[in-house]
Amino acid sequence: MFKELDPLLHSELRLAVMSILLSVAEADFVYIRETTKATAGNLSVQIDKLSEAGYVEVERGFLGKRTRTVCKITPKGVEAFNNYVEALKGYLNIN
Amino acid sequence: MEEKPLNEKESLELITRMIKNTHQKLEEGNGIPFLVWGYTSIIVSILVWYQLKITQDYLWNLLWFLIPLIGFPIQMLLQRKRERGIKTYLEKIIKYVWTVIGVAGFVVSMGAMFYWKIPILFIIIVLMATGTAITGLIIQFKPIIISGFVSILLSFGCLIFSHLYSILVFALVFFLMMVIPGHILNFKNRKRHV
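Residues numbered from 1 in each chain as written. Chains lettered and ligands numbered in written order. Predicted model: local features only at pLDDT ≥ 70, side-chain atom pairs only at ≥ 80, totals over all residues. Heavy atoms only, no water.

K.L.:
What exactly am I supposed to notice about the overall build of chain A here?
P.N.:
A tally of regular secondary structure across chain A gives 4 helices and 3 strands. Mapped from its N terminus to its C terminus, chain A presents α and β elements in the order α-β-α-α-β-β-α. In chain A, which comprises 95 residues, the share counted as buried stands at 51%. Residue pairs in contact within chain A that sit at least 24 positions apart in sequence constitute 53% of those at least 6 positions apart. Of the roughly 4,900 Å² of accessible surface on chain A, 52% is carried by carbon and sulfur atoms. Separation between the mean location of the 12 positive side-chain charges and that of the 12 negative ones in chain A comes to 5 Å. (Helix = DSSP H or I, 4+ residues; strand = E, 2+ residues; numbered from the N terminus. Buried < 20%, exposed > 50% of the residue type's maximum accessible area, 1.4 Å probe, protein only. Contact = heavy atoms within 4.5 Å. Areas by Shrake-Rupley, 256 points an atom, 1.4 Å probe, with all protein chains shown as cover. Lys, Arg positive; Asp, Glu negative; His and termini not counted. Charge placed at Lys NZ, Arg CZ, Asp CG, Glu CD.)

K.L.:
Hey, could you run me through the sheet that holds strand β1 (residues 26-28) of chain A in this one?
P.N.:
Strands in a sheet are paired, the pairing made by backbone hydrogen bonds, and the direction either parallel or antiparallel. Pairing within the open sheet is antiparallel, and its 4 strands lie in the order β2(A)-β3(A)-β1(A)-β1(B). Each end of this open sheet is capped by a strand with a single partner; those strands are β2 (56-63) of chain A together with β1 (86-87) of chain B. In this sheet, strand β3 (residues 66-73) of chain A lies alongside β2(A) in antiparallel orientation, the contact comprising 8 bridges. Bridge pairing in β3(A) places A:V58 opposite A:C71. On the sheet, helix α2 (residues 29-36) of chain A packs against β1 and β3 of chain A together with β1 of chain B and is oriented at approximately 80 degrees with respect to β1(A). Helix α3 (residues 40-52) of chain A contacts β2 and β3 of chain A of the sheet and is inclined by roughly 125 degrees relative to β2(A). (Pairing = 2+ DSSP bridges. Axes fitted to C-alpha atoms, helices over the stretch in contact; angles between N-to-C directions.)

K.L.:
Would you mind going over the packing of helix α1 (residues 12-23) of chain A against α3(A) with me for this structure?
P.N.:
When two helices pack together, their arrangement is captured by the angle between the axes and the distance separating the axes. All names here are of chain A. Contact pair α1 / α3: the axes reach a minimum separation of 10 Å and the direction vectors enclose 70 degrees. Considering the angle they form, α1 stands roughly perpendicular to α3. Along this stretch, α1 crosses α3, giving a crossing that reads as right-handed. Together, L13, R14, V17 and M18 of α1 and N42, L43, Q46, I47, K49 and L50 of α3 make up the contact between the two elements. (Parallel < 35°, antiparallel > 145°, perpendicular 65-115°, else oblique. Left-handed = near helix turned anticlockwise from the far one by under 90°.)

K.L.:
Just to check I follow, could you spell out the interface of chain B and chain A for this structure?
P.N.:
Buried accessible area, meaning the area lost when the parts come together, often serves as the stated size of an interface. At the junction of the two partners, chain B supplies 29 residues and chain A supplies 36 residues. Ranked by residue count, the leading element in the side of chain B that touches chain A is helix α1 (residues 8-26) of chain B, at 13 residues. Per-class residue counts for the side of chain B that touches chain A are 11 nonpolar, 7 polar and 11 charged. As paired elements, β1(A) and β1(B) share 2 bridges and run antiparallel to each other. Opposite A:A27, over in β1(B), you have B:I86 as the bridge partner. (Nonpolar A, V, L, I, M, F, W, Y, C, P; charged D, E, K, R; others polar.)

K.L.:
Is there a simple way to explain the packing of aromatic side chains in this structure?
P.N.:
The relative placement of two aromatic rings is captured by the distance of their centres and the angle of their planes. All names here are of chain B. For the structure shown, the criterion picks out 6 aromatic pairs over all chains. Ring centres 5.0 Å apart and planes at 80 degrees place the aromatic pair W37 and F72 in the edge-to-face group. Taken together, the residues span a long stretch of sequence, with W37 in helix α2 (residues 32-55) and F72 in helix α3 (residues 66-81) at a distance of 35 residues. For F72, a relative accessible area of 48% translates into the label partly exposed. For the ring pair Y115 and W116, a centre distance of 5.7 Å and an interplane angle of 45 degrees mean the geometry is tilted. Of the two residues, Y115 and W116, neither departs from the other in class, the shared state being exposed. Each residue in the set W64, F170 and F174 is aromatic and connected to the rest through ring pairs, giving one cluster. (Phe/Tyr/Trp six-rings, centres within 6.5 Å; stacked < 30°, edge-to-face > 60°.)

K.L.:
Could you clarify how one ought to interpret the environment of A:A25 in this entry?
P.N.:
Along the chain, A:A25 falls in the loop between α1 and β1. Discounting residues that sit within four places of it in the chain, A:A25 has contacts with A:K72, B:K87, B:T88, B:Y89 and B:K92.

K.L.:
Would you mind showing me how to read the nonpolar core here?
P.N.:
All names here are of chain B. Ranked by internal contacts, the top residues of the largest apolar core, which has 34 residues, are W64, F170 and F174. Every element with two or more residues in this core is listed here: α2, α4 (89-114), α5 (120-139) and α8 (163-193). The element contributing the most residues to this core is α8, with 10 residues. (Core = buried A, V, L, I, M, F, W, Y, C linked by side-chain atoms within 4.5 Å.)

K.L.:
I would appreciate a short explanation of the side chain of B:S147 in the present structure.
P.N.:
Turning to its location among the elements, B:S147 is positioned in helix α6 (residues 142-154). A polar side-chain atom of B:S147 sits 3.1 Å from the main-chain carbonyl oxygen of B:I144. (Polar contact = N/O pair within 3.5 Å; in protein donor to acceptor, adjacent residues only side chain to side chain.)

Spelled out as structure tokens, the structure:
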């Protein structure tokens, strides 16, 4: 029996964001946008969805005179990501 | 990249690619803080030593406070220039280590300057060398590990020599502890990016 893949993570951009955040303590919006090559508007919407689900934490602040949005993965996000990878392994017969 | 569903194989490839991209960016080490604090400490030490030797006026010891006054703004400026958009867990740990050491160093220095007669140069070297060794162990960089531990031993030089000469020992230890490994770390990074 295959485990269901988390629909929130089973989307290209949201999965990319979560994969980046899993490797670091925090990443800013510009870095994520450049790495994913997404548009700012679309990325903002997807990050909001992850934030509403409690998978990421978003902090808005300043770096000098510029505004800076910093994202961090939450423990709930890490758990969801691990579950997603476990489910993927099942589909791909990797164990 | 858009909001589109993926098949399982594409998902796995995407995860691998994103983690790999980020890891490549993380491999850039940074010797700049070592160079900033190393050179600042050496220049200020020599300035204090020279003024004390010429004037024998104890008040010149106030110049020691130039170290944080010069070091902090330069480091913050350089850090802002080097902003990569990501912070690793290791960078956070290193920051906490140096925050604790910095606060301890400042408090002990204030005590030594205004209240008690304690061997402050010896204590500061032990503190900084401990931070250096811990940083080296965290980033797994041998020259910094070695310089940290060697400097802990060399700190006794500040107890062995008289006050004026202990300032020169202090400058020499900072050269060995921060300037040399800082340059080695930067050189290694430049080589990796060629």
